[in-house]
Amino acid sequence: MLIVPGGALLAQATAATPAAAADQADLLPQYMTWALIVGGALVFIAAMFYVIKVNQFLYKRIVQMEAAKAGVALPEDAANVLGGDSFWTTMRKKYWEDVVPVEREKDIMLHHDYDGIHELDNSMPPWWLNMFYITIIWAVGYMFYYHWGGGGPSSEEEYKNKVERAKKEMAVALAGQANAVDESNVTALTDAGMLGEGELIFKNSCAACHGQGGEGSVGPNLTDDYWIHGGGIKNVFKTIKYGVPEKGMIAWSSQLKPSDMQKVASYILTLHGTNPPNPKAPQGDIWKEEGAAAPQDTTVTDTVKTAEPAPTK
Ligand code: HEC
């Protein structure tokens, strides 16, 4: 009890001179402080035992001397009566043997009769009692470590950490979901950042054949109304994914993640109607978005039909 506030006093004293406090914090890391406190506590406990022993010894001597002075003969077992059992014997009796075994329980049964219920006044079994004491010791250590010492995370910090971890896991799961896009569920992205990434991919991997602005060179013009394999995000994604290998357009699923194919496909759709210089002549059929106001003529139906890219496997 003396040692613990001592630590607090020390902290206050050092806090008064911040520079000294910082120095001390460097010299004396936290675990050293705790080692000192625990060591001090052990010394204190040992000293207390010693004082008690000396006390008992003196008491015995005084009684013997007084008896000798008065000429009274002490009984045979006086030493036992005076000194009592040793500390360890007392402890053993108290904490290990002071329980009446089941065979002798009838001796200590109290004979009050409460509607047929009798009171058995026995001690708790030693193993149970000792476990109980251990939990108390554990609780003290726990309080020091988690609440006062700041050694471990508090419940609140633990909660925050867990939320943090869950957020990360969620981000990973969402990223996985983004990569799970395929031609059946792909949607056109509108986020500027995503389209920017799509543009980058286009400039790096596609512009060589489709032109910097998508005007077309080896590959077809991607800015006009005409599509060989169908327009719209789903068809464009599908063409990119499976490619048209026999015409020189590889299946990009081997090079790009699904989310990247979605980005570049979305970027391509933004090129529509940009009229870049040197456009390649239209190829394929005119494409109208489904649900668009334009009347559905046969050409459109054809386009939808021819939208299936040639199987690649
Ligand atoms: C080696 C040249 C080459 C590269 C590189 C290339 N393409 Fe192509 N692409 C072509 C050719 C050739 C076609 C026409 C296929 C056909 O005639 O069926 C085509 C067709 C397409 C079509 C279909 C156009 C339509 O009218 O239906 C899309 C969409 C497309 N490419 C997107 C891309 C994207 C996106 C990339 C980059 C990731 C890319 N291409 C890279 C050569 C290329």
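Our structure is the block above this text.
Every value quoted in this text rests on a predicted model; they were computed, and no experiment measured them.

(A) Fine view of the overall build of the protein. Along the backbone of the protein there are 12 helices and 4 strands. Out of the 313 residues in the protein, the part that is buried amounts to 20%. Of all intrachain contacts in the protein linking residues separated by at least 6 positions in sequence, the fraction that spans at least 24 positions is 62%. As displayed, the protein has an accessible area near 22,300 Å², and 64% of this comes from carbon and sulfur atoms.

(B) Quick look at the packing of helix α10 (residues 232-242) against helix α11 (residues 258-270). Where α10 contacts α11, the two axes come as close as 9 Å, and the packing angle between them is 125°. Between α10 and α11, the crossing angle belongs to the class labelled oblique. As for how α10 packs across α11, the hand of that crossing is right-handed. Contact residues: Gly232, Ile233, Val236, Phe237, Ile240 and Lys241 in α10; Pro258, Met261, Gln262, Val264, Ala265, Ser266, Ile268 and Leu269 in α11. Within the contact of α10 with α11, the residues separate by chemical class into 10 nonpolar, 3 polar and 1 charged.

(C) Highlighting the site of the ligand. Lining the immediate environment of the ligand, one finds 22 residues, of which Cys206, Cys209, His210, His229 and Met249 sit closest. At a separation of 2.8 Å, an oxygen atom of the ligand approaches a polar backbone atom of Ile228. Interatomic distance of 2.5 Å between a side-chain N/O atom of His229 and an oxygen atom of the ligand. Elements represented by at least two residues in the shell around the ligand include exactly α9 (192-210), α10 and α11. Residue contributions to the shell around the ligand peak at 4 residues, all from α9. Looking at the shell around the ligand residue by residue, the class counts come to 15 nonpolar, 6 polar and 1 charged.

(D) Geometry of the coordination of the iron atom of the ligand. Summarising the metal site, the iron atom of the ligand is bound by the protein donors His210 (NE2) and Met249 (SD), whose distances to it range over 2.0 to 2.2 Å. Around the iron atom of the ligand, the 6 donor atoms are arranged such that angles at the metal cover 87 to 179°; this shape is classified as octahedral. Here Met249 lies in the loop between α10 and α11 and His210 lies in helix α9, a separation of 39 residues in the sequence. Given a relative accessible area of 10%, His210 falls into the buried group.

(E) Broad picture of a nonpolar patch on the surface. Among the surface-exposed residues, Met124, Trp127, Trp128, Met131, Phe132, Tyr133, Ile136 and Val140 lie close enough to one another that they form a single nonpolar patch of about 800 Å² accessible area. Residue placement: Tyr133 occurs in helix α7 (residues 126-148). Residue classification places Tyr133 among the partly exposed positions, given a relative accessible area of 33%.

(F) Expanded view of unusual backbone geometry. The backbone of Asp115 shows a phi angle near 50°, a positive value even though the residue is not glycine. Along the chain, Asp115 falls in the loop between β1 (109-114) and β2 (117-120). A relative accessible area of 81% means that Asp115 is categorised as exposed.

About the criteria used
Residues numbered from 1 in each chain as written. Predicted model: local features only at pLDDT ≥ 70, side-chain atom pairs only at ≥ 80, totals over all residues. Heavy atoms only, no water. Helix = DSSP H or I, 4+ residues; strand = E, 2+ residues; numbered from the N terminus. Buried < 20%, exposed > 50% of the residue type's maximum accessible area, 1.4 Å probe, protein only. Contact = heavy atoms within 4.5 Å. Areas by Shrake-Rupley, 256 points an atom, 1.4 Å probe, with all protein chains shown as cover. Axes fitted to C-alpha atoms, helices over the stretch in contact; angles between N-to-C directions. Parallel < 35°, antiparallel > 145°, perpendicular 65-115°, else oblique. Left-handed = near helix turned anticlockwise from the far one by under 90°. Nonpolar A, V, L, I, M, F, W, Y, C, P; charged D, E, K, R; others polar. Near = heavy atom within 4 Å. Polar contact = N/O pair within 3.5 Å; in protein donor to acceptor, adjacent residues only side chain to side chain. Donors = N, O, S within 2.8 Å, 3.2 Å for Na, K, Ca; no water. Tetrahedral: all angles 85-135°; square planar, octahedral: opposite > 155°, others 65-115°. Patch = residues over 30% accessible without salt bridge, like charges linked within 9 Å, V, L, I, M, F, W, Y side chains within 5 Å. Salt bridge = Lys/Arg side-chain N within 4 Å of Asp/Glu carboxyl O.

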